[in-house]
Amino acid sequence: MPIINVSVTGRPDAALSATIAREVSELTATHLRKDPTITAVAISYLDPQHWFAGGKSMAEHGAKTFWLDIKVVDGTNTKLELEGYLKAIFAAFGRMLGQTHEESYAFVHEVPAAAYGYGGKTQEFRFISGRLKAA
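Since we're looking at a predicted model, the values are computed, not measured.

Caption draft 1: Summary view of the layout of surface pockets. Roughly 160 Å³ of volume is contained in the largest pocket. Along its surface, the largest pocket is lined by 13 residues, and M1, P2, K34, V73 and Q123 are the ones closest to its centre. If you tally residues by element for the lining of the largest pocket, the top one is strand 5 (residues 66-73), at three residues. Taken together, the residues that form the lining of the largest pocket break down as seven nonpolar, two polar and four charged.

Written as C-alpha cells, this is what we have:
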C-alpha cells in the first residue's frame, strides 16, 4: 500500500508515465513485497531548466534526472531489501529516461504503522485485525 511520488525532468508524457508507474510498481512488489493492487504512483514533470545539480541545470548538464519518494511501514523490509530496491530503481530509470544524471535520488520513508494507512484505516489496525481473524 505504498504511495510513491516520482518527479522526472522533461515534458509531460502519458506513455512514459504509464511505463514509470508499471515499472516502479513491479520493482516495489519484487523487492519490497508490496501488493501492486494497492500501490499508488503519482508522477510529475519538471522543466530541465528548473532542476539543478552542482549549480547547473539539467538542461546544461544535457542529462535527465528523477526523484522517487516512497512511504512504507517501518520494519517491513530488511536493509538488504531496501538496498536491492534502490539499485533496481536507479537501473530502471536509467533505462526509461536514458542518460540519467548521477545526482538522481530515491528515498524510502519508513513510517510507523499507526501513522500510515488508506481508506480511513491504519496499517496497524489492518495488521491487528488480520491477526485476530487468523486466531
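The discussion continues.
Caption draft 2: Region of the structure containing the sheet that holds strand 6 (residues 105-111). The four strands lie next to each other as 2-1-5-6, forming an open sheet whose pairing is mixed. The strands lining the two open edges of the sheet, one partner per strand, are strand 2 (40-46) and strand 6. Going across the sheet, the axis of each strand differs from the next one's by a mean of 15°, ignoring polarity. Sheet topology places strand 5 next to strand 6; seven bridges connect them, and they run parallel. Bridging across to strand 6, L68 finds its partner in A106.

Criteria and cut-off values
Residues numbered from 1 in each chain as written. Predicted model: local features only at pLDDT ≥ 70, side-chain atom pairs only at ≥ 80, totals over all residues. Heavy atoms only, no water. 1 Å grid on protein atoms, 1.4 Å probe; cavity = no way out; pocket = protein on both sides within 12 Å on 5 of 7 lines; lining within 4 Å. Points joined across faces, edges and corners; volume = space filled by probe spheres on them. Helix = DSSP H or I, 4+ residues; strand = E, 2+ residues; numbered from the N terminus. Nonpolar A, V, L, I, M, F, W, Y, C, P; charged D, E, K, R; others polar. Pairing = 2+ DSSP bridges. Axes fitted to C-alpha atoms, helices over the stretch in contact; angles between N-to-C directions.

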